[in-house]
Amino acid sequence: MYYTANVTDTAYCYDGSFAGFLCCVFESYTRKEIPAEVCPPEEGQLNLFGTRDIPTDLQRARRVAAGLDRLGWQVKDRITTGFLSTEPGKDLTLLRFARLCFARGPGAVQMLGDPDAAAAFRLERAVNNEAGKLIEFIRFEEREGMLGAVIHPKNRVLSLLRGHFCSRLPDEDFLIFDAVHGMALLRRGGQVQYLAMEHYTPCTDEAELNWQQMWKRFFKALTIEERRNEKAQMSHVQKRFWQDMVEMRGEPSAHS
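Residues numbered from 1 in each chain as written. Predicted model: local features only at pLDDT ≥ 70, side-chain atom pairs only at ≥ 80, totals over all residues. Heavy atoms only, no water.

**Section: the environment of Gly-148**
Under the convention used in this document: Every helix listed is a DSSP run of H or I at least four residues long, and every strand listed is a run of E at least two residues long, numbered separately from the N terminus.
Relative to the assigned elements, Gly-148 resides in strand S7 (residues 146-151). Measuring from C-alpha to C-alpha, the distance between Gly-148 and Phe-174 comes to 5.6 Å, with 26 residues separating the pair along the chain.

**Examining the pairing of strand S8 (residues 173-178)**
Stated precisely, the cut-off is as follows: Whether a residue is buried, partly exposed or exposed follows from its accessible area with a 1.4 Å probe, protein chains only, as a fraction of its type maximum: under 20%, in between, or over 50%, in that order. Only strands that DSSP links by at least two bridges are regarded as paired with each other. With strands facing away from the observer, any crossover in which the path from the first strand over the helix to the second runs clockwise is taken as right-handed.
Among the 6 residues in S8, 5 count as buried, and that is most of the element. With 6 bridges connecting them, S7 and S8 associate as parallel partners. For Leu-147, the partnering residue across the bridge sits in S8 and is Phe-174. The β-α-β motif built from S7, the intervening helix H6 (residues 158-168) and the parallel element S8 has right-handed crossover chirality. Of the strand pairs in this sheet, S8 and strand S9 (residues 183-188) are connected by 5 bridges, and their pairing is antiparallel. Residue Ile-176 lies in a different strand from S9, and its bridge partner there is Leu-185. Counting the residues that bridge the hairpin from S8 to S9 gives 4 residues, and of these Gly-182 lies at a positive phi of roughly 65°.

Read these as geometric descriptors, not functional statements.
Shown next as C-alpha cells:
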C-alpha cells in the first residue's frame, strides 16, 4: 500500500450511484482509512462489523471528480468503466485504486504488479470486452419506424454502446433494452436518454407487438414519475451526475 491509511472493520453503505461512490472515496480520504467493504444497496453488508452510511453530497462528489480529471483520461476511464461492472466487491476495488492513483499519480494505471491496480484493470477489461462483443452481435428489428433490440449483459454496458450506435445509426430512432438490469438506452428525435424499463417483447412471427401503444404507455408512465416532486428532484440529480460520468468517458451527452 503506497498511501497512508488504516484498514478498518467498517463497511461503507451508499446509494449505488456514481456520485455516491465518489463520496465514499471522499470519506476514505478524509478519514485516512480503507473500509472493509463498500456496499451498494444490491449487495448489502457482508461482514459482521459496523457500518457507516455515506450520504450522497454533490459538492464532495464534484471535488473527487475534479481530482480524477486532473489524473488524466486513463484513470478516469478505468474507474468509470469499472463502475459499470456488477462484480461483487468492485466498489472497494475501485476505491482502493482511486486512493492509489491520488497517492502515486497517473502512472498508477501502469502498476499492474500492485494488486489494487491489477484488480481495477481486470474490471475495466471485462466490461469493455463485453461491450465490444455486444457491439459486434446486436441485431435490431424494426417496427413503426423504430429500431429495437434486447440484450442480456452481465454488466451495465449501455453507456458504452451509446457512441457506437448513435454514430452508426445517425438518422434512426432506436431502443436497446438491458433486460438484466431493467434499463433502456433510447434515442428518439435526436435525443438520448437512459430510462428504467421493466419489460420489452421482441417482435416475432407468432406475436405481433403494437409499438405505438407501447410508447404511449411508456412515456405516460415517465411523465407521471417526473411529477413526483420529492423523488424526482433526487432522481434528476443522480441522472445528471450519471450523464457527467458518461461525459467523462468522452461520450456524447444530450444530443447524439
